[in-house]
Amino acid sequence: MSRNLIVAMTTFNRSRDTARCLASLNTAAQEAGVDWRAIIVDASTNDSTKQATAHHPNCTVQSVHSDTYWATGMQIALESIRTLEAVPGTVVLWLNDDVTLEPSSLSRIIAKIDSEPPGTIVCGAVIDGAGRRTYGGYHRGGALARLKYRPLDIADHDQECDLANGNVLAMTYVHPDSLRSFPRYYSHGFADFHYTLASSLSGVAVWQVAGTVGTCEQNSPAGTWRDTSLSRRTRLKLLRSPKGLPFREWSRFALTFGGAFGIIYVASPLVRILIGR
């Protein structure tokens, strides 16, 4: 009997990326011999995203308000998956719509999941067009640098990590409540780091599968709060935006995982802006 795969994805005005992502997903699923469906939360796109998803009848699109960002959208998608009568053992895949999967990616991810205890989380490293690693798994810093993360190198073997990006992240569906642990207090960033780090700290293994699983360009710091060419006023405004470091969300993350220096981490973005770094 074929294995089932349910994909959680968000979209917003990246129709070409979305079309490429879904085509690569379909190819990888065929190679892995899995039946897939996708729950896509679309933030009221005004491009051709809906036409791109229409090419794949196994996609269910939920339209939400245009100010719905990644973490909120993923929460909605995963809640929808939770209400489905999925078969235990179904693989749940978080997938960013700007990822192009390699044909063998799902075969390798699922093989790793099947070789580990139920609940294990498996991520894949992705690279940009120049072959540079962009997203994947990380090791956490020591006691004096809890929020400093070292990216795992791309290797020819699986590697255990402390936390991971949610660009390509998979786990086994055990029962409906197994999806309840997705953090509900972030709007855009942090949710993937919080989910995977909290999981690893509680004893759940998080792995980066060997090699790479696809391509995905790195988000540029240009035009963000990290852009030192912008004025302090502009950077402060961007810092408070959903795609920046909203104070309540960043404070929760930093105080939860920053250890004894959590309060220092809370203030560090503001200090960086004020000193022009």
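Residues numbered from 1 in each chain as written. Predicted model: local features only at pLDDT ≥ 70, side-chain atom pairs only at ≥ 80, totals over all residues. Heavy atoms only, no water.

1. Structural notes on the overall build of the protein chain
Along the protein chain, the regular secondary structure elements total eight helices and 13 strands. For 277 residues, the compact-globule estimate of 2.2 N^0.38 gives 19 Å, and the C-alpha radius of gyration of the protein chain, at 18 Å, lies within 12% of that figure. When its C-alpha atoms are laid out on the principal axes, the protein chain stretches across 60 × 40 × 40 Å. Expressed as a percentage of the 277 residues in the protein chain, the buried residues total 48%. Considering only residue pairs separated by 6 or more positions, the protein chain has 74% of its internal contacts joining residues 24 or more positions apart. Carbon and sulfur atoms make up 54% of the accessible area of the protein chain, which amounts to about 13,100 Å² in all. In the protein chain, the 28 positive side-chain charges and the 24 negative ones have mean positions that sit 11 Å from each other. (Helix = DSSP H or I, 4+ residues; strand = E, 2+ residues; numbered from the N terminus. Rg over C-alpha atoms; globule rule 2.2 N^0.38 Å. Buried < 20%, exposed > 50% of the residue type's maximum accessible area, 1.4 Å probe, protein only. Contact = heavy atoms within 4.5 Å. Areas by Shrake-Rupley, 256 points an atom, 1.4 Å probe, with all protein chains shown as cover. Lys, Arg positive; Asp, Glu negative; His and termini not counted. Charge placed at Lys NZ, Arg CZ, Asp CG, Glu CD.)

2. Structural notes on the side chain of Gln-159
With respect to the element layout, Gln-159 can be found in strand S10 (residues 159-161). Of the polar contacts made by the side chain of Gln-159, one reaches the backbone oxygen of Asp-153; its length is 2.7 Å. Once residues within four sequence positions are removed from consideration, Gln-159 is found in contact with Leu-152, Asp-153, Val-206, Trp-207 and Gln-208. (Polar contact = N/O pair within 3.5 Å; in protein donor to acceptor, adjacent residues only side chain to side chain.)

3. Re the sheet that holds strand S9 (residues 149-151)
Here three strands make up an open sheet; going across it, the order is S9-S8-S11 and the pairing antiparallel. Strands with a single pairing partner mark the edges of an open sheet, and in this sheet they are S9 and strand S11 (163-164). (Pairing = 2+ DSSP bridges.)

4. Brief notes about the environment of Asp-97
As for its position among the elements, Asp-97 is in the loop between strand S4 (91-95) and strand S5 (100-101). Residue classification places Asp-97 among the buried positions, given a relative accessible area of 2%. In this structure the C-alpha to C-alpha distance between Asp-97 and Val-168, which are 71 residues apart in sequence, comes to 9.9 Å. With residues up to four places along the chain from it excluded, the contact list for Asp-97 reads Met-9, Thr-10, Thr-11, Phe-12, Arg-14, Asp-17, Thr-18 and Cys-21. A polar atom in the side chain of Asp-97 sits 2.5 Å from the side chain of Arg-14. Separated by 2.8 Å, the side chains of Asp-97 and Thr-18 make a polar contact.

Any link to function would need more than the numbers given here.
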